[in-house]
Structure formats: structure tokens, C-alpha cells
Amino acid sequence: MTDKRARLTVDGLEAPIDLAIHSSSVGPDVIDVSGLTKKGYFTYDPGFMSTAPCESKITYIDGGKGVLLHRGYPIDQLAEHSDYMEVCYLLLNGELPTDAQKKAFSDAVMANAKVDPSVANLIKSFARDAHPMAIMGSAINALAAVYNNDIDISKEEDRLQTAYRLIGQVPTLAAMAYKHSKGEAFIEPDASLSYAENFLHMTFGKAGEKPNVKPVLAKAVDRLFILHADHEQNASTSTVRLSGSSGTNPFAAIAAGVATLWGPAHGGANEAVLNMLDEVGSVENIDKYVAKAKDKADPFRLMGFGHRVYKNFDPRAKVMKVACDEVLVELGKEDEPLLDIAKRLEKIALEDDYFIQKKLYPNVDFYSGIIMKAMEIPTEMFTVMFTLGRAVGWYSHWNEMVSAPYKIGRPRQLYTGYTQRDYPQK
Ligand code: CMC
């Protein structure tokens, strides 16, 4: 709380409404409007353009300056010097681990990577062409069935065990969803591998064969997970918090987040980028599609461009672009025709007045889509990859919320429908 107060003058009210201002450690302070309802008013903010529904200590974004900090550490430094397990520990616990803490954490995650047979059977019951995000949502929800009697959310040790289970099993579920689509046997997790190696082995390896994961791919996937690990109160994280605020099982709350992430305006954008590049088809068509994106009457948007919060550049995209260039060279894929379209599209959008005026820059999904395509990860798995990285962010926010007193999330509305009327008598 600061000494500063806000005063809201409302026509018809004798005195202004006095509102407290809470101070942030960095970034905008917030005006506390929670008492307004007693004065007979709600606030109106569709799309939550100016609304902070919670206090948090996990992640800070300055969209104007292109800053993203996890527990104070800049994302580019984490992407360069850290690894995903360490970032998971940091997000969950607030501090970087010692070597011993990191090993214990990583061991506990890997020791919990095996999925219950009931969930494996559920995955097998899906159609082969089911979208893997549909499978992920259902399978994570099914973990709530497996562990429902095993979680007391008021107990810290239960919440910690749940974190190990979630972070450990999400890659196993993703790999199973992929293997099922191919009609191939599932591969058991291998605790001797790193988190990213294990995921790649379970997904692209062959059952019964020794793990054989290219280090360049494992490194790229680990970095991809770091870059997606958390992003403060985005749509899916807010969904997890809102869902969790009812006291529901954390796996159920996270499954709600998976559903939200799937949408093309959010995590589904990486898949949509590739579908768009396919649709553009060749560099000769680029102008036509850029014109479509600028046409207000046309719903087409350039996928992978623009962001609600970043109005300068997306710092994740900056790191991802460098990683993308590196991976393309290492894999000898700089000359792929689709990548050529992507690079030209990026150049045009960065130089075009429409995109400059509206501050539409390539976002993380633009480059992550390209990188995953180069790694031959199937397009429909792209949003699943985002899910794997983001699981820890969702969990950290849920855990932060339930570790302190919290209220059920219950927004109000501006009602503009009928006033009361009588049912017609026949
Ligand atoms: N292509 C063309 N025009 C666009 C685009 C785009 N990708 N994005 C925004 N605009 C225009 C939009 O038409 C609007 O124009 P006007 O002011 O004339 O009505 C203006 O820019 C502002 O757009 P908005 O939809 O009001 O902005 P928003 O903050 O509500 O939406 C967004 C942000 C990310 C949903 C949007 O930019 C978009 O749909 N981008 C494409 C999808 C995408 O790449 N999403 C991934 C986001 S990053 C990953 C993540 O963190 O989830």
C-alpha cells in the first residue's frame, strides 16, 4: 500500500470515492477497486486490459521495454546460462537451487514421470487422428482421477508431490499422444536422460531401442521449454487461477489452462503459423496475404505477429530467433522453401507501416513454429510443446494462490438484457 490515494468522482454521489493504491516493486501501481461494489458500482474492463486480478511475485513483464523477468532474472540470461529444470525450481521456489537442490528436484521429477495404466488406456481409446491437445487436456484431467484422494491442497508437502507428478508426467503424456497417433508402442520414461532428452526419446525413439537423441535437438527443446515456462497473467494462467480458486483439484485446474492455451490467439498460434505458411505457399503470394492481414473486412491475421502486452518486441522472440538461426544452420535447413516464406514475411511486416503503427512484431510463436518445423516435430504437436514448457508456470501460479488466503474468482458484469418481465399467460 502507498500513501497515494485515488479519488473517483461519480455524478450523483455527494463525495468522491476514496480508493487505496497498492505499490508494485516495479511497474504500475494498482488502484484497489474492490470496495466499489459497496458504493453500487462495478468496473468494466473487457479483455482485462487494465485489470490486475491478483498479487504475484513470480514473473514481471514490461511490454513497452520488452522486459521479461522470472523471479527477477531476465529471460535472455536464463535461456543462455540456465536449463529448464533449474528454471522450474526457480519459478516454484523463488530462488535458484544449489547443485544439490537441483539434483534432488530433477531426480524427484524424473522419479514421478511414469503414467498410471488407466491414463495410458484412456489415451489409447482416442481416435488416431485426435488432436494431441484434446488428448493432453483429457489426460491431465485424468491425473485428477488418479490422485484425487492423494492431494490435500492445504498441505505444502502434497502440493510439492503434485508438482513433481505434473512436471514429470506431462512429457510422458505428450509422447504417448504422439505415439498413439502413429500407432506405435509407448516408451517408458528413462530417468538417466535429461528432461528434454527423455521427452525426445519417448516421442521419437523406438520401443526397445537405446536412446539416441541429437544433443543439438535436446538443447533446442530445453531452451524452448525455458522460453515458454511462464508469462504472468496470460489467458491460460488466469484460467488456471480462476479455476483453481474454486478449490478444485490442481490437475483439473491445469487441464482448464490446457484448453485455453490451445486457441490460436494464444499457444495455438505456433501451429497456426505453420498452417499459414503452408497456405501462403510461395513467396509470390506474400503481398496478397499481407494485404489480407491489413484489410479490416478480412478476418485473416498474420499468425505469430502482435502481442497484447509487448508493444516493442517480444524478448522471448529475440532469443528464439537467434536459436532458430543456430538450429537451422546446425540441421542444414537454411534453404527450406517454407522458411524462406517466413523470413520474407518477417522482413515485410517489420518494414510495413501498418505493422509498425500497430506495433505488431513477430512473437515467440513465429520463431518457435519455424524451429520446431526444422526439427521435424509434427505441426499438431507444436502447442503440446508449449504446454510442456508452461505446465510449471501454471503450477507455480496455482501454488502461489493457494499458499495464501484467496477468494473464489467471481467477476461481475454490465448487464444490458431485459429487465424483469412476466411470463406470458396462455
Ligand atoms: N495481423 C494483422 N493485424 C493484427 C494482428 C495480426 N497478427 N494482430 C493485431 N492486429 C491488429 C488488429 O486488427 C487491431 O487493429 P485495429 O486497431 O485497426 O482494430 C490491432 O492490431 C490491435 O489488435 P487486437 O486484437 O485489439 O490486440 P490484442 O492485444 O487484443 O490481441 C493478439 C493480441 C496476440 C491476440 C493479436 O495480435 C493476434 O491475434 N495475433 C496473432 C495470433 C498470435 O500470434 N498469437 C500469439 C501471441 S504470443 C504467444 C502467447 O503468449 O500466447
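Attention in this report is confined to the structure presented alongside it.

Thresholds, definitions, all that
Residues numbered from 1 in each chain as written. Predicted model: local features only at pLDDT ≥ 70, side-chain atom pairs only at ≥ 80, totals over all residues. Heavy atoms only, no water. Helix = DSSP H or I, 4+ residues; strand = E, 2+ residues; numbered from the N terminus. Contact = heavy atoms within 4.5 Å. Buried < 20%, exposed > 50% of the residue type's maximum accessible area, 1.4 Å probe, protein only. Pairing = 2+ DSSP bridges. Salt bridge = Lys/Arg side-chain N within 4 Å of Asp/Glu carboxyl O. Near = heavy atom within 4 Å. Polar contact = N/O pair within 3.5 Å; in protein donor to acceptor, adjacent residues only side chain to side chain. Areas by Shrake-Rupley, 256 points an atom, 1.4 Å probe, with all protein chains shown as cover. Nonpolar A, V, L, I, M, F, W, Y, C, P; charged D, E, K, R; others polar. Phe/Tyr/Trp six-rings, centres within 6.5 Å; stacked < 30°, edge-to-face > 60°. Lys NZ or Arg CZ within 6 Å of the ring centre and 35° of its normal.

Some points on the side chain of R316
Move 1: Its location among the elements puts R316 in helix α13 (residues 315-330).
Move 2: The contact partners of R316, leaving out residues within four places of it in the chain, are L68, L227, H231, H307, Y310, V364 and R390.

Here's the deal with the environment of G267
Move 1: In this fold, G267 is placed in the loop between α10 (250-261) and α11 (269-280).
Move 2: Judged by its relative accessible area of 0%, G267 falls in the buried class.
Move 3: Residues G267 and T383 lie 116 residues apart in sequence; the distance between their C-alpha atoms is 5.7 Å.
Move 4: The residues touching G267, leaving out its near neighbours within four places in the chain, are L261, D365, T383 and F386.

Focus: the sheet that holds strand β5 (residues 67-70)
Move 1: If you trace the 3 strands from one edge of the open sheet to the other, you get β4-β5-β6, paired in antiparallel fashion. On the outer flanks of this sheet lie β4 (59-62) and β6 (73-74), each paired with one strand and no other.
Move 2: Across 4 bridges, the pairing between β4 and β5 is antiparallel. Bridging across to β5, T59 finds its partner in H70.

Looking at the pairing of β5
Each regular strand carries side chains that alternate between the two faces of the sheet.
Move 1: Here β4 folds back onto β5 in antiparallel fashion, the turn holding 4 residues, of which G66 has a positive phi close to 70 degrees.
Move 2: Where β5 meets β6, 2 bridges bridge the pair, whose relative direction is antiparallel. Note that in β6 the partner of H70 across the bridge is Y73.
Move 3: The antiparallel hairpin formed by β5 and β6 contains 2 residues in its connecting segment, where R71 sits at a positive phi of about 50 degrees.

Structural notes on the pattern of salt bridges
Two side chains bearing opposite charge may form a pair once their charged atoms approach each other closely.
Move 1: Inspection of the entire model under this criterion finds 22 salt bridges.
Move 2: The salt bridge involving K114 is made with E188; its shortest N-O contact spans 3.3 Å. Of this pair, K114 sits in the loop between α3 (99-111) and α4 (117-124) while E188 sits in the loop between α6 (156-182) and α7 (195-204), placing them 74 residues apart in sequence.
Move 3: Under the relative-accessibility criterion, K114 is labelled exposed at 53%.

Regarding the site of the ligand
Move 1: Taken together, 21 residues lie near the ligand, and H266, K296, L302, R308 and K358 sit nearest.
Move 2: Note that a nitrogen atom of the ligand is positioned 2.7 Å from one of the backbone N or O atoms of L302.
Move 3: One of the side-chain nitrogen or oxygen atoms of R316 is found 3.5 Å away from an oxygen atom of the ligand.
Move 4: Protein chains shield 76% of the accessible area of the ligand, which is 940 Å² for the free molecule.
Move 5: Here the shell around the ligand is composed, by residue class, of 9 nonpolar, 6 polar and 6 charged.

Focus: the packing of aromatic side chains
Each pair of aromatic rings is reported with the distance of its centres and the angle of its planes.
Move 1: Evaluated as defined, the whole model comprises 14 aromatic pairs.
Move 2: For the ring pair Y195 and F225, a centre distance of 6.0 Å and an interplane angle of 75 degrees mean the geometry is edge-to-face. Within this pair, whereas Y195 is found in helix α7, its partner F225 is found in helix α8 (residues 215-228), the two being separated by 30 residues in sequence. Both residues of the pair, Y195 and F225, belong to the buried class.
Move 3: Linked through ring pairs, F305, Y354, F355, F366 and Y367 together constitute an aromatic cluster.
Move 4: The side chain of K318 reaches across the aromatic face of F313, ending 4.4 Å from its centre.
Move 5: Lying across the ring of Y418, R421 places its NZ or CZ 3.3 Å from the centre.

Quick look at the sheet that holds strand β1 (residues 5-8)
Move 1: As summarised here, the arrangement of the 3 strands in space is β1-β2-β3, forming an open sheet in which the pairing is antiparallel. With one partner strand each, in any of the chains shown, β1 and β3 (30-31) form the two edges of the open sheet.
Move 2: Relative to β3, strand β2 (residues 17-22) runs antiparallel, the two sharing 2 bridges. What sits directly across from H22, in β3, is V30.

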